[in-house]
Amino acid sequence: CLRADIGRRDVMTIALVTGAAGLVGAAAVKHFAERGMDVVGIDNDMRKSFFGEAASTAWNRDLLLRTVPRYRHEDIDIRDKDRIDSLFAEFGAEIAVVIHTAAQPSHDWAANDPFTDFTINANGTLILLEAFRAHCPDAVFLNMSTNKVYGDAPNELPLIEEDTRWSLDPSHPFAENGIDETMSIDTSVHSLFGVSKAAGDLLVQEYGRNFGFKTACFRGGCLTGPAHSGAQLHGFLAYLARCAVTGTPYTIFGYKGKQVRDNLHSDDLAEAFWAVYENPRAGEIYNMGGGTYANCSVLEAITLCEEITGRPMEWSLDDENRTGDHIWYISDLGRFQDHYPAWAPKYTMESMTREIIEALQNRLG
């Protein structure tokens with residue numbers, strides 16, 4: 001525990017955030033703290049173990065401790081059942097919301113160590129849900145899932161190759177607004193990461209639908225922002241921006257670099273968390289990304305980085321795509337916006353990429 005001055009309360013005032021020093025977790029910490037809540041963060045910097053020193057979140061943990069009043073940090077592995085249960089028991093019904101963003105997040109890494117991947121993404125989620133059920137069942141449980149629960153099913157959509165990107169045939173129902181939650185998670189190649197995240201996603205749904213708890217799964221596209229410790233195996237836009245700033249060669253994996261991703265800023269996602277916290281439902285799922293508002297191909301993102309930095313990038317194409325990777329994925333935000341009509345993404349591709357690059361330039365010198 002790096003700070004322990006959060007006092008006891010008689011009402012629900014605590015947000016408990018897993019993966020608190022990561023991109024999404026840190027945004028949630030700041031967002032909920034700014035609205036008057038005490039925040040308990042759980043993060044043991046496994047991102048450093050996954051992806052190396054450059055991906056460490058220690059700098060962001062230290063920043064939160066310096067800048068967020070009444071933030072308490074716990075260096076706990078979410079697979080440690082006894083310590084997780086003890087932490088939940090300490091605060092009990094004072095916990096108003098659990099925001100679960102901790103994960104092993106990479107396709108490629110999962111293939112090399114499936115056991116660790118599954119125990120973090122599936123077993124860790126179950127441990128949290130059981131602690132939630134035992135100690136704060138009236139709270140809200142928000143789970144950061146992924147669009148990879150759909151496997152490569154999106155690649156079966158009718159796609160059209162254009163100069164800089166793949167596009168969906170305009171006659172298809174998903175063409176106007178993107179992929180919605182009716183996309184099947186079955187009979188597709190997921191990658192082992194997609195499988196472990198699907199298991200956690202289904203658990204969170206089940207605790208909502210079976211037990212009536214207030215839960216929601218956010219099936220994220222590419223999530224990004226200046227706090228992202230991007231690495232080659234995870235964090236597409238942040239890692240690309242880092243390569244642009246440092247002059248590091250960048251490798252595109254497959255699909256001619258024309259694969260399309262929607263991108264959502266972590267602050268926009270934290271706003272979505274708050275909307276659900278204020279008006280929760282049971283067992284919900286939401287596709288969550290930049291949607292039609294903010295998306296790009298890898299080639300288009302490279303061009304954007306070059307325009308912002310004012311210098312060309314060194315990049316190459318590896319013809320082999322990653323297992324289960326999407327060719328075209330844009331999230332349909334309609335279900336979430338039907339439930340929470342006041343929410344909409346604020347960051348464009350240009351504004352979020354510029355912010356990431358400027359933050360990297362300041363941090364790396």
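Check the entry above for the structure.
Residues numbered from 1 in each chain as written. Predicted model: local features only at pLDDT ≥ 70, side-chain atom pairs only at ≥ 80, totals over all residues. Heavy atoms only, no water.

1. Regarding the environment of T251
- Here T251 is to be found in strand 10 (residues 250–253).
- T251 sits 11 residues away from L240 along the chain, and the two C-alpha atoms are 9.3 Å apart.
- Not counting chain neighbours up to four residues away, the residues in contact with T251 comprise Q232, S316 and D318. (Helix = DSSP H or I, 4+ residues; strand = E, 2+ residues; numbered from the N terminus. Contact = heavy atoms within 4.5 Å.)

2. Things to note about the nonpolar core
- Counting residues in each nonpolar core, the largest one holds 39 residues, and the members touching the most others are L142, F218, L269, F273 and F336.
- Elements that contribute at least two residues to this core include exactly strand 1 (14–18), helix 1 (23–34), helix 3 (58–67), strand 4 (95–100), strand 5 (140–146), strand 8 (214–220), helix 9 (266–278) and strand 12 (284–288).
- With 7 residues, helix 1 is the largest single contributor of residues to this core.
- Grouped together as the second largest cluster of nonpolar side chains are 32 residues, M46, F50, I76 and I285 included. (Core = buried A, V, L, I, M, F, W, Y, C linked by side-chain atoms within 4.5 Å. Buried < 20%, exposed > 50% of the residue type's maximum accessible area, 1.4 Å probe, protein only.)

3. Let's talk about the environment of G221
- One can find G221 in the loop between strand 8 and strand 9 (222–224).
- For the pair G221 and T125, spaced 96 residues apart in sequence, the C-alpha to C-alpha distance is 20 Å.
- In this view, G221 contacts N147, D262, M288 and G289; residues no more than four positions away in its chain are not counted.

4. Considering the sheet that holds strand 12
- The 7 strands lie next to each other as 3-2-1-4-5-8-12, forming an open sheet whose pairing is parallel. At either end of the open sheet lies a strand with only one pairing partner, and these are strand 3 (71–74) and strand 12. Along the sheet, successive strands turn relative to each other by an average axial angle of 15°, direction set aside.
- Examined bridge by bridge, strand 1 and strand 4 share 5 bridges and lie parallel to one another. Within strand 4, the residue paired with L16 across the bridge is V98.
- Against the sheet, helix 6 (residues 114–135) makes contact with strand 1, strand 4 and strand 5, and its axis sits at roughly 170° relative to strand 5, the strand it touches most. (Pairing = 2+ DSSP bridges. Axes fitted to C-alpha atoms, helices over the stretch in contact; angles between N-to-C directions.)

5. Structural notes on the side chain of S331
- Examined against the element boundaries, S331 turns out to sit in the loop between strand 15 (328–329) and helix 11 (334–339).
- Polar contacts involving the side chain of S331 include one to the side chain of D262, which spans 2.8 Å.
- The contact partners of S331, leaving out residues within four places of it in the chain, are N177, G178, I179, D262, N287, M288, G289, G291 and T292. (Polar contact = N/O pair within 3.5 Å; in protein donor to acceptor, adjacent residues only side chain to side chain.)

6. What to know about the packing of helix 1 against helix 9
- As a packed pair, helix 1 and helix 9 sit with axes 9 Å apart at the nearest point and diverge in direction by 55°. On the basis of their axis angle, the class for helix 1 and helix 9 is oblique. As for how helix 1 packs across helix 9, the hand of that crossing is right-handed. Residues L23, V24, A27, A28, H31 and F32 of helix 1 touch helix 9, and the partners they reach there are S266, D267, L269, A270, E271, F273, W274 and Y277.
- Looking at side-chain class alone, the contact of helix 1 with helix 9 contains 10 nonpolar, 2 polar and 2 charged residues. (Parallel < 35°, antiparallel > 145°, perpendicular 65-115°, else oblique. Left-handed = near helix turned anticlockwise from the far one by under 90°. Nonpolar A, V, L, I, M, F, W, Y, C, P; charged D, E, K, R; others polar.)

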